[in-house]
Structure formats: C-alpha cells, structure tokens
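A closer look at the structure
Spelled out, the chains give:
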Number of protein chains: 2
Amino acid sequence: MSQPARRARPTGRRPGNPDTREAVLAAARTAFAEKGFDGASIRVIATAAGVDPALVHHYFGSKDKLFLAAIEAPADPADLLPELLAGGTADLGANVVRLLLRVWDGPARAAGLALVRSAVSNEWAARLLREFLVSQVLRRVVGTLGLSPAEAQARGSLVASQLIGVVMGRYVLQVEPLASASADELAAAVGPTVQRYLTGDVDLRGMVPGTP
Amino acid sequence: MSQPARRARPTGRRPGNPDTREAVLAAARTAFAEKGFDGASIRVIATAAGVDPALVHHYFGSKDKLFLAAIEAPADPADLLPELLAGGTADLGANVVRLLLRVWDGPARAAGLALVRSAVSNEWAARLLREFLVSQVLRRVVGTLGLSPAEAQARGSLVASQLIGVVMGRYVLQVEPLASASADELAAAVGPTVQRYLTGDVDLRGMVPGTP
C-alpha cells in the first residue's frame with residue numbers, strides 16, 4: 001500500500017501502515033494512562049485501535065516495546081540495565097546514578113526533557129511517565145534485591161524521588177554545582193542515598209503495610 | 001488616581017497604580033532571570049520600569065519581597081524558616097521534609113505546581129525558580145551551619161535535588177507509596193538523606209574546589 005509522505009518521521013525501522021501504527025499508539029497511550037502498564041493488555045489496545053492483536057505483536061514485538069514507542073521513550077532501559085545489574089548490589093546506588101547521567105548527558109536528553117515537560121503540564125502524560133519509571137526502570141532495578149512487593153515498591157519510590165530530583169536540579173533548574181559536576185562526582189555524593197534507599201536501613205513504617 | 005477594574009485580582013494589600021506595579025514586576029522578572037537574585041538591584045529594576053527606586057521600596061518593602069511578588073511565590077520562606085531553624089541542627093533534615101510537605105500539602109500547592117510547570121517549559125522561568133530556591137530557601141537553611149560558601153552551595157544543591165524529587169514524585173508523577181505517605185512517614189524515610197546532605201559525611205570532591 002502506498003503511504004503518503006505527510007510529515008517528517010524519525011529514522012529507524014517503523015513497519016506497517018502509518019495510520020494503523022498511529023492508531024495503535026494512540027490506543028496504547030490511552031490504555032496505559034488509564035489502566036497503568038500492568039492493567040493494559042495488547043488485546044484491549046488492538047481492539048480499541050480496530051486491528052488484530054497479532055498485528056500489534058508484529059509491529060511492536062512486546063508490550064514493553066509498544067509502551068516505549070507509545071511514550072516516545074528516549075532510551076530502552078532493557079538495553080541499559082543488564083550491564084548495571086551485572087555489577088552487583090554493593091555499588092548499585094552509585095552505578096544507578098552514573099547510568100542516569102550517562103543517558104541524560106547524552107543525545108537522549110532532549111527527548112527526556114520533552115517527557116518531563118509533558119508530565120508536568122498534563123496529568124495523562126504524568127501517568128505515562130510514572131508507568132515508565134515504575135514498570136521499566138524501578139521494578140527491574142529493585143526487583144533484583146529479593147524484597148517483598150510492598151517493600152520493593154516503597155524503596156523504588158524513594159529511589160525515584162532522588163533520581164527525578166537530580167534530573168530536575170541538574171538539567172531543568174541547573175542549580176550549581178549539581179549542574180556542572182561530573183558523573184563520578186555526583187555518583188560519589190548521591191550514590192550513597194540511592195544505595196540506602198535500595199539496600200540500606202530505611203524507616204519504612206507506614207510506607208510498607210505491616211512494617212514494625 | 002482611579003483605577004479601572006480590568007480583571008479580577010487576588011485579595012490582599014496591593015498598593016499603587018496597577019500599571020506601575022506591573023511594570024516594576026515585569027522589569028524585576030527580567031532582571032532576576034538575567035542577573036540572578038544577587039546581581040539584580042532595586043535601582044536597576046526601577047530604572048528599567050521608569051520609576052523612582054524609592055517607589056519600588058514603598059510598593060514592595062525589600063528586594064526579597066519584590067522577588068517573591070515577581071515570581072508569584074506561593075509562600076514566603078522568611079515566614080516559615082525561623083521556626084524550622086529554631087529546632088536546631090540534629091533533626092534539621094526531617095524538619096525540612098516536614099515543612100516542605102506542610103507547604104505542599106496545603107493551599108500553596110496549586111501555585112507551587114504552576115511555578116514548576118513554568119520552569120520546565122521555559123528557561124527564563126527555570127532561572128527564576130532556581131533563584132528562589134537558592135536565595136530564599138537553601139541559603140537560609142544551609143547558612144546556619146557555619147560552612148564555607150562553596151560547601152554551603154554544594155550541600156544546598158544536593159538538598160535541592162532530594163526536595164525537588166519529592167515534590168515531583170509525590171505531586172506530579174504521584175509514584176506510590178511516596179504520593180500517599182504521611183508527612184511523618186516521609187520525614188522518617190527521606191529526612192536522613194537531607195540530614196546527610198546538610199551535616200553528614202558527603203564526598204564533595206569536585207563539587208567543592210580544594211576538597212581533599
């Protein structure tokens with residue numbers, strides 16, 4: 001089928017009819033924002049877009065990949081996290097900070113800032129960015145630590161608070177010397193905070209039901 | 001001079017001709033964004049607005065108050081911080097978190113979110129929010145600790161990273177259980193981070209010139 005060149009598109013393999021693809025992505029954004037990553041299914045998204053679920057699988061490969069395409073994620077954590085997690089848990093906090101800065105100090109920053117900008121101005125985009133953080137980043141990092149689901153979620157949300165704050169302070173507000181520090185310097189200063197939230201002694205009463 | 005009622009205005013004492021007042025505030029926003037809080041002077045702002053500096057003093061009282069009016073700050077830290085600082089340094093981290101949440105869980109939240117929204121979408125607004133954090137909040141809190149200016153700035157920027165992240169995670173992205181935790185629960189979990197950044201052992205090499 002011939003496809004009219006209606007507008008410039010990013011490079012890279014983008015299979016399928018662009019109208020169908022866009023319909024699937026729009027249905028995906030709605031479903032992920034309304035039901036969360038876990039609650040949305042490819043079947044429901046396909047039905048909403050009026051296509052066969054097999055076509056969605058064929059276009060996007062997996063629910064993770066569909067989600068990343070739907071939110072125009074600047075990077076795929078599944079590509080980046082295995083190396084991080086292979087480093088073990090002792091330096092995980094500092095390594096998380098280093099990886100965050102490697103992504104944000106690189107070409108992904110513009111797309112990352114666009115996501116943050118949308119999230120702050122639009123509740124729907126905020127839900128999608130939250131689902132990205134929780135399902136694609138935090139769950140994978142904290143999921144290696146053998147914690148109960150409730151404790152993993154609580155520790156993950158604390159890690160998120162520090163990492164989002166580094167992004168906002170360094171790239172949006174540009175507070176010095178946070179903005180000019182090197183990745184190693186910030187990993188040294190902020191890494192212990194992330195490490196404590198991941199594996200250290202944190203008073204989680206109230207944040208984790210049943211904590212004494 | 002009679003003043004036409006062109007639009008609804010917030011209640012409270014707002015002396016002077018609204019056109020003059022607005023001209024001063026516009027000149028103040030430009031000067032504070034371009035030169036920073038320290039670099040901008042009432043004299044230069046008054047000249048840019050075409051009024052006498054004495055009138056700016058008469059309208060706004062002080063450079064701090066002019067700045068807060070210019071950025072439409074949701075709260076005046078000068079009113080809130082003395083009680084915090086009177087509590088001493090041992091619990092300062094937890095008390096900072098508690099005060100942050102008291103402000104953001106109250107009626108100031110809408111104006112606070114508006115400031116964050118502007119800062120993320122507009123570099124000029126980002127500079128003003130940064131100047132607010134640095135000159136009105138961090139300097140006053142960290143300034144009580146007897147640190148060198150460079151160390152105070154470095155520790156302040158780390159405190160900012162955690163506090164901004166709590167605001168973003170709790171109120172914008174609404175990551176659970178960060179979003180639903182009580183102020184005391186968050187003070188217990190996050191307070192030690194802020195305390196470490198303020199008074200604890202932090203590797204500040206590179207962030208503070210001359211640190212061994």
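Residues numbered from 1 in each chain as written. Chains lettered and ligands numbered in written order. Predicted model: local features only at pLDDT ≥ 70, side-chain atom pairs only at ≥ 80, totals over all residues. Heavy atoms only, no water.

- Going by what an unreviewed UniProt entry lists, chain A is known as TetR/AcrR family transcriptional regulator and is assigned to Modestobacter versicolor.

Structural notes on the UniProt feature "DNA-binding region" (unreviewed entry) in chain A
- Here, the residues flagged by UniProt with the feature "DNA-binding region" (unreviewed entry) are residues 41-60 of chain A.
- Along residues 41-60 of chain A one finds 80% helix and 0% strand; the C-alpha atoms at either end are 13 Å apart. (UniProt positions renumbered as here; feature names shortened; annotations may be inferred. Helix = DSSP H or I, 4+ residues; strand = E, 2+ residues; numbered from the N terminus.)

What about the interface of chain A and chain B?
- On the chain B side, the residues contacting the 43 residues of chain A number 43 residues.
- Both sides together, the interface formed by chain A and chain B hides about 3,600 Å², and carbon and sulfur atoms give 67% of it.
- Together, Val120, Leu173 and Met207 of chain A form the three largest contributors to the area buried by chain A at its contact with chain B, with a combined 17%.
- At the surface where chain A touches chain B, the tally comes to 0 salt bridges.
- Seen at the junction of chain A and chain B, the total is 17 residue pairs in polar contact (both at pLDDT 80 or more).
- Among the elements of the structure, α7 (109-121), α8 (123-142), α9 (149-172) and α10 (183-199) of chain A are those that each provide at least two residues to the side of chain A that touches chain B.
- By residue number, the principal contributor to the side of chain A that touches chain B is α9 of chain A, which donates 12 residues. (Contact = heavy atoms within 4.5 Å. Buried area = accessible area lost by both parts, 1.4 Å probe. Salt bridge = Lys/Arg side-chain N within 4 Å of Asp/Glu carboxyl O. Polar contact = N/O pair within 3.5 Å; in protein donor to acceptor, adjacent residues only side chain to side chain.)

Some thoughts on unusual backbone geometry
Residue and element names in this part refer to chain A.
- The peptide bond linking Glu176 to Pro177 adopts the cis configuration, its omega dihedral lying at 0°.
- Structurally, Pro177 can be placed in the loop between α9 and α10.
- Within the chain, Glu72 stands out as a residue other than glycine whose phi angle is a positive 50°.
- Here Glu72 shows up in the loop between α4 (63-70) and α5 (77-86).
- Positive phi values are uncommon outside glycine, yet Gln174 reaches one of about 55°.
- Take Gln174: it is sitting in the loop between α9 and α10.

Quick word on the relation of the copies chain A and chain B
- The transform that puts chain A on chain B rotates by 180° and translates by 0.0 Å along the axis, for an RMSD of 0.0 Å. Such a combination of rotation and displacement between the chain copies is what one expects of a two-fold axis. The position closest to the rotation axis in chain A is occupied by the C-alpha of Gly165 of chain A, lying 1.8 Å away. (Least-squares fit on C-alpha atoms with pLDDT ≥ 70 in both.)

A closer look at the domain arrangement of chain A
Residue and element names in this part refer to chain A.
- Domain annotation for chain A reports domain 1 (18-70) and domain 2 (77-199).
- Taken over C-alpha atoms, the centre of domain 1 sits 26 Å from the centre of domain 2.
- Taken together, the 11 residues of domain 1 in the interface contact 10 residues of domain 2.
- Roughly 970 Å² is buried in total at the junction of domain 1 and domain 2, and carbon and sulfur atoms are behind 60% of that figure.
- Counting across the interface, domain 1 meets domain 2 through 2 salt bridges.
- Looking at the side of domain 1 that touches domain 2, the elements with two or more residues in it are α1 (18-39) and α4.
- Within the side of domain 1 that touches domain 2, the residues separate by chemical class into 5 nonpolar, 2 polar and 4 charged. (Domains from an automatic or database assignment. Nonpolar A, V, L, I, M, F, W, Y, C, P; charged D, E, K, R; others polar.)

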